[in-house]
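Results of the structural survey
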Amino acid sequence: AIRQEAVSLDIVAEHGGGELARRAQGFEFPIGVWFPEERTLLPVVGEAAPPVPTPPPEHLELIGLIEAGGARPLIERGIVTGDVRGLEVCRVVDRPTVGNFAELNEIPPEMIPSREDGVVLEVGVGANDREAFQIIHGHLPKVDALADVVAAVTAYRNSDAIQHPLNRMAPERYLRWRVEAEPSLLGLVELRPVDPPVPRQSMKHTEPCVGHGIDETDRRVAVVFSSGVDLDLVPFVADVVLGLPGEIRRVIVALPSRDLVRLTRDLSALLARPVELLGL
C-alpha cells in the first residue's frame, strides 16, 4: 500500500481477523479489517492477545532434571523447555494415556510410549526429533540423554562453527542469547527472555522473540529479536508494543545488520510508537 502511495489500507479476512485488527491498532497508518458475510463486509474488532497460561506444578518439578542435563530451563507461554544458546533441546509434556493410543494398534508395542499418566521430559530438537530420539535412545537415563544433546548443540551454536542445521535453526533466539550473555552489545546492562504476544508456531519457522532489560541509563527496555527479511516482523512488534507494561519506555528491534532493509525501516516508521532498529 505505501509503495503505491496509498493513504489507508483495508483488509478483508475470513480467518484471523481479530488478531489483524488488534495489530492494526499499533500503526498510525489507517488500517481497517473486514469480515465477508455473503455480499456484506462486517467490521472486525481487535481481539485481546491470548492469555499466558501458567505451567502445571508437576511440569515445574522437572526443571531440576533439565538443569542436571546441562540445558537452561525456559518457560514460554506456560510450556517448560530446556534450551542451549537459544535452541530448544527438551520439553516437558503430558505423558500419553491409554486412550490416546487406541487407534495405534498397528504400531509395534515397543514403539508406543508409556501408558502411565503423568508428565515426562522429552529430549530432542523439535517434536519429530524428540519422538525419534525416544525410539532410538529411550534406554538412556534422561540426564545422560539430555547431556549428549546439549554437547552436540553447543558445538555448533557459536559464531565460529561451520554451517550446520543446528546453527541455522532459531537464529533470532541465538541473537537473544548473545545479548543475554553480553548485554552491552545493545547498550544494555541486563536482558531476560519474556513471553511473546502469541504462541510460537514451530521451530521450523523463524519467528521473532522478545526480551526485557535495563539500559545503561537505567531505563526499562523491550527488545524484539529477528533474523532475515520477515514481513511479519513489524506487525509482531506492534503486538509487543500494545501489550507492554507502562514502565517500559524504550523499544528496540534487533537483527543482523545485513537484514536491516529499507522495507523494514519504512514499515517501522508507520508504528504509532517509535522503535529503534539496531543491527548486530
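In this text the structure is predicted, and so the values were computed from the model without any measurement.

Let us look at the overall build of the chain. Each helix and strand counted, the chain has 9 helices and 12 strands in total. For the chain, the residues scored as buried account for 40% of the 280 residues in total. Once local pairs closer than 6 in sequence are excluded, the contacts in the chain between residues at least 24 apart make up 59%. Put simply, the chain shows about 15,300 Å² of open surface, and 54% of that area lies on carbon and sulfur atoms.

Time to look at the sheet that holds strand 9 (residues 209-215). The 5 strands are arranged 8-9-10-11-12 in an open sheet whose pairing can be described as mixed. Bordering the open sheet on either side are strand 8 (188-194) and strand 12 (276-279), each of which pairs with just one other strand. Along the sheet, successive strands turn relative to each other by an average axial angle of 30°, direction set aside. Note that strand 10 (residues 220-225) and strand 11 (residues 248-255) share 6 bridges and pair parallel. In the strand pairing of strand 11, Val223 is matched with Ile252. Strands strand 8, strand 9, strand 10 and strand 11 of the sheet are contacted by helix 7 (residues 171-181), whose axis makes an angle of about 140° with strand 8.

The next subject is helix 8 (residues 233-242). Burial of helix 8 is extensive: 8 of the 10 residues sit out of reach of the surface. Of the surrounding secondary structure, the elements contacted by the buried residues of helix 8 are helix 1 (17-24), strand 9, strand 10, strand 11 and helix 9 (262-268).

What follows is about the sheet that holds strand 3 (residues 40-43). Pairing between sheet strands relies on hydrogen bonds along the backbone, with the strands arranged either parallel or antiparallel. Overall, mixed pairing links the 3 strands, which are arranged 1-2-3 in an open sheet. Whereas interior strands pair on both sides, the edge strands pair on one side only; in this sheet they are strand 1 (9-12) and strand 3. Direction aside, neighbouring strands of the sheet carry axes that sit 40° apart on average. Two strands pair when backbone bridges link them, and strand 1 and strand 2 (residues 31-37) are joined in this way by 4 bridges, in the parallel orientation. Paired with Ile11 across the two strands is Val33, which belongs to strand 2.

Attention now goes to unusual backbone geometry. In this structure, Glu38 is a non-glycine residue whose phi angle is positive, near 55°. Looking at the element boundaries, Glu38 is found in the loop between strand 2 and strand 3. Unusually for a residue other than glycine, Asp218 sits at a positive phi of about 70°.

Here we come to the side chain of Asp259. Tracing the chain through its elements places Asp259 in the loop between strand 11 and helix 9. A polar atom in the side chain of Asp259 sits 2.7 Å from the backbone nitrogen of Gly228. Other than its neighbours up to four places away in sequence, Asp259 contacts Ser227, Gly228 and Thr264.

Before going further, it helps to spend a moment on helix 5 (residues 142-156). Between its first and last C-alpha atoms helix 5 spans 22 Å; for 15 residues at 1.5 Å apiece the expected length is 21 Å, and the two agree. Considered for burial, the residues of helix 5 that qualify are Ala145, Leu146, Val149, Val150 and Val153. On an axial view of helix 5, the arc spanned by its buried residues comes to 135°, and they lie on one face.

Below, the discussion takes up the confidence of the model for the chain. In this model, the chain carries a mean pLDDT of 88, and residues with pLDDT of at least 70 account for 88%. Of all helices and strands in the chain, the one with the weakest mean pLDDT is helix 4 (residues 127-137) (66), whereas strand 10 scores best (98). This model gives residues 97-116 a pLDDT under 50, and the stretch forms 15 contacts once residues within four places in sequence are excluded.

Moving on, we get to the environment of Arg85. Structurally, Arg85 is set in the loop between strand 5 (79-84) and strand 6 (87-94). On the basis of relative accessibility, which here comes to 24%, the residue Arg85 falls in the partly exposed class. Expressed as a C-alpha distance, the spacing of Arg85 and Thr154, which sit 69 residues apart in the sequence, is 7.4 Å. Excluding residues within four positions of it along the chain, Arg85 makes contact with Thr154, Arg157, Asn158, Arg173, Tyr174 and Trp177. Among the polar contacts listed, one links the side chain of Arg85 to the backbone oxygen of Arg157, at a separation of 2.9 Å.

Rules and cut-offs
Residues numbered from 1 in each chain as written. Predicted model: local features only at pLDDT ≥ 70, side-chain atom pairs only at ≥ 80, totals over all residues. Heavy atoms only, no water. Helix = DSSP H or I, 4+ residues; strand = E, 2+ residues; numbered from the N terminus. Buried < 20%, exposed > 50% of the residue type's maximum accessible area, 1.4 Å probe, protein only. Contact = heavy atoms within 4.5 Å. Areas by Shrake-Rupley, 256 points an atom, 1.4 Å probe, with all protein chains shown as cover. Pairing = 2+ DSSP bridges. Axes fitted to C-alpha atoms, helices over the stretch in contact; angles between N-to-C directions. Polar contact = N/O pair within 3.5 Å; in protein donor to acceptor, adjacent residues only side chain to side chain. Expected span 1.5 Å × (residues − 1). Arc of directions from axis to C-beta. pLDDT = per-residue confidence, 0-100.

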